[in-house]
Amino acid sequence: MEIWIHIYSILMLVLGIYSLLNIIINLLYFRHLNKAETREDGPLISVVVPARNEEKNIGNLLESLIAQDYRKIEILVINDQSTDGTEAIIREYAEKDSRIHCFSTEAGKILHSNGKINALLQLIPHAKGEYILATDADTMHSKNCISHAYSVMKEHHLDIISGFPKELCSSYFGSLCMSAMMLTYVFIPHWFVYRFPIPAATFAIGQFIMMRRDAYEETGGYESIKGEICDDIGIVRLFVKKGKHYAFIDLSKYSSCLMYRTGKESFKGIERSISGVFPPRLCYVPPVTILVILLLHIALSPLASILAAFTAPGNIAAMMITGSVLFIIAWYTGCKSAKWRKRVSISCSFTLLIIIAMYLHGFFRSVTGKGFEWKGRIIH
């Protein structure tokens, strides 16, 4: 038993050191990319927005797009069979600004089982820009968001970028669910993946994905990721597999999103994303099992460290406590950089336990064929 405790303490120390070093290097990498010289003029950029029952959000999004300092944009919004006032609001804005164009999905025309991808496949053919920015109706952008994103892509010769906006949610539990995305800050070496692309290590969030039009067409775009649960992760992994240049960047200063309003919505939405990263396939079972066990140990490490301080030899207790503290510091640093509230930033143990629950529940929904819900539709 003692040897296993010793191994566990070493593992916690190594993990803590890795997490802190990785988050520091990631943040330096994000800062480096964000230093790109701002370009407010350039080619036409097509902003494409799928909107389904978004009457509470679509106006805020369109206001933020109209105010962009990068003026050479077209804004294409597709009303996806909404049952509220979404379409009327879009058309009202289209009358005010000639850059805004309203479309509607064709009833019964199914190009993909994922409702969002189905809408994008019907919308993107109308886009005329050299770059395509796919964003969500519940997202808002600072006036220099598009010019900044274009500048990063241009200066670093990128084919596709994505990044975290500042996530907004009034629910504490909902915020904890969404802060699960901090795993990508702490564990994924984005600085390394930028230089040595690894499809399995790439990450994206659908609230902001900007692509070169040529690269999108060369890869086959959304038509090539049929069967994917998550459109965002699916599209960046496709680009990387096809040899395109990808980067994940920090967008918390340039974009914000009210993705979910309640804890229940957050849990259901993020569990879909987690299941998209690690789909229920045989090849994923061993690494996911290891990851679940690892996350459980990390979540309980503060408690284990306290117990070790009273029961374990001094060197073992010191390694466990040091590893746990370093990981907590790394998590807190990442959360604060992404503009999470303090009480969310210090709740990493709770978040890790929620992540485990979301994955196990999502795995159950996948293998039983229940699928996941997006905007009132079931995705398998």
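Residues numbered from 1 in each chain as written. Predicted model: local features only at pLDDT ≥ 70, side-chain atom pairs only at ≥ 80, totals over all residues. Heavy atoms only, no water.

Engineer: Describe the overall build of the protein, with residues and values.
Structural biologist: The helix and strand tally for the protein stands at 15 helices and 12 strands. Computed over its C-alpha atoms, the radius of gyration of the protein comes to 21 Å, within 12% of the 21 Å expected for a compact globule of 380 residues. Dimensions of the protein along its principal axes, counting C-alpha atoms only, are 75 × 50 × 40 Å. Taking all 380 residues of the protein together, the buried fraction comes to 56%. In the protein, the share of contacts with a sequence separation of at least 24, taken over all contacts with a separation of at least 6, comes to 82%. Total accessible area on the protein stands at roughly 16400 Å², and carbon and sulfur atoms take up 61% of it. Considering the protein, the positive charge centre built from 39 side chains and the negative charge centre built from 33 side chains are found 5 Å apart. (Helix = DSSP H or I, 4+ residues; strand = E, 2+ residues; numbered from the N terminus. Rg over C-alpha atoms; globule rule 2.2 N^0.38 Å. Buried < 20%, exposed > 50% of the residue type's maximum accessible area, 1.4 Å probe, protein only. Contact = heavy atoms within 4.5 Å. Areas by Shrake-Rupley, 256 points an atom, 1.4 Å probe, with all protein chains shown as cover. Lys, Arg positive; Asp, Glu negative; His and termini not counted. Charge placed at Lys NZ, Arg CZ, Asp CG, Glu CD.)

Engineer: Any details on the environment of Asn57? Residues and values, ideally.
Structural biologist: Along the chain, Asn57 turns up in the loop between strand S1 (45-51) and helix H2 (58-66). Relative accessible area serves as the criterion here: at 12%, Asn57 is assigned to the buried category. With 201 residues separating them in the primary sequence, Asn57 and Leu258 have C-alpha atoms 8.5 Å apart. Leave out the neighbours within four places in its chain, and Asn57 touches Ala137, Asp138 and Arg261.

Engineer: How would you summarise the packing of aromatic side chains if you had to cite specific residues and measurements?
Structural biologist: Taken as a whole and judged by the stated rule, the model has 15 aromatic pairs. Summarising the aromatic geometry, the rings of Tyr29 and Phe30 are spaced 5.3 Å apart at their centres and angled 45 degrees between planes, so their arrangement reads as tilted. The burial state of Tyr29 is the same as that of Phe30; both residues are buried. Above the face of the Tyr93 ring, Lys96 is positioned so that its terminal group lies 5.0 Å from the ring centre. (Phe/Tyr/Trp six-rings, centres within 6.5 Å; stacked < 30°, edge-to-face > 60°. Lys NZ or Arg CZ within 6 Å of the ring centre and 35° of its normal.)

Engineer: Mind laying out the side chain of Ser46, listing which residues take part and the relevant values?
Structural biologist: Among the structural elements, Ser46 can be located in strand S1. At a separation of 3.3 Å, a polar atom in the side chain of Ser46 contacts the main-chain amide nitrogen of Lys128. Residues in contact with Ser46, not counting those within four places in the same chain, are Glu74, Ala127, Lys128, Gly129, Tyr131, Ile132 and Leu133. (Polar contact = N/O pair within 3.5 Å; in protein donor to acceptor, adjacent residues only side chain to side chain.)

Engineer: Outline the packing of helix H13 (residues 314-337) against helix H15 (residues 348-367), listing residues and values.
Structural biologist: At a minimum axis distance of 10 Å, the contact between H13 and H15 shows a crossing angle of 85 degrees. Our classification of the angle between H13 and H15 gives roughly perpendicular. Where H13 approaches H15, its residues Phe327, Ile328 and Trp331 are matched on the opposing element by Cys348, Thr351 and Leu352. Partitioning the contact of H13 with H15 into residue classes produces 5 nonpolar, 1 polar and no charged. (Axes fitted to C-alpha atoms, helices over the stretch in contact; angles between N-to-C directions. Parallel < 35°, antiparallel > 145°, perpendicular 65-115°, else oblique. Nonpolar A, V, L, I, M, F, W, Y, C, P; charged D, E, K, R; others polar.)

Engineer: How would you summarise H15 if you had to cite specific residues and measurements?
Structural biologist: Its 20 residues give H15 an end-to-end C-alpha distance of 28 Å, which sits within 8% of 28 Å, the value for a rise of 1.5 Å per residue. Where H15 is concerned, the buried positions are Cys348, Ser349, Thr351, Leu352, Ile354, Ile355, Ile356, Met358, Tyr359 and Gly362. (Expected span 1.5 Å × (residues − 1).)

Engineer: Help me get a handle on the sheet that holds strand S8 (residues 208-212), residues and values and all.
Structural biologist: Read across the open sheet, the 7 strands follow the order S3-S2-S1-S4-S8-S6-S9; overall the sheet is mixed. The outermost strands of the open sheet, each flanked by one partner alone, are strand S3 (100-104) and strand S9 (246-250). Adjacent strand axes in the sheet meet at a mean angle of 20 degrees, parallel and antiparallel pairs treated alike. In this structure, strand S6 (residues 160-164) lies alongside S8, joined through 3 bridges in antiparallel fashion. Note on S8: the bridge partner recorded for Ser162 is Ile209. Set on the sheet, helix H3 (residues 86-96) makes contact with S1, strand S2 (73-79) and S3; between it and S3 the angle comes to about 150 degrees. (Pairing = 2+ DSSP bridges.)

Engineer: Explain the nonpolar core to me, using residue names and the numbers behind them.
Structural biologist: With 112 residues, the main nonpolar core has Met210, Tyr222 and Ile235 as its most contacted residues. For this core, the element with the most residues is H15, which contributes 7 residues. Not counting residues within four places of it along the chain, the set of residues in contact with Met210 comprises Ile45, Tyr131, Ile132, Leu133, Ala149, Tyr150, Met153, Asp159, Ile160 and Ile161. By size, the runner-up hydrophobic cluster in this structure holds 7 residues, among which are Tyr8, Met12, Ala308 and Ala317. (Core = buried A, V, L, I, M, F, W, Y, C linked by side-chain atoms within 4.5 Å.)

Engineer: Go over unusual backbone geometry with me, naming the residues and quoting the values.
Structural biologist: The backbone of His157 shows a phi angle near 55 degrees, a positive value even though the residue is not glycine. By the secondary structure assignment, His157 is in the loop between helix H5 (145-155) and S6. Not every positive phi belongs to a glycine, and Lys339 is a case in point at roughly 70 degrees. Here Lys339 lies in the loop between H13 and helix H14 (342-345).

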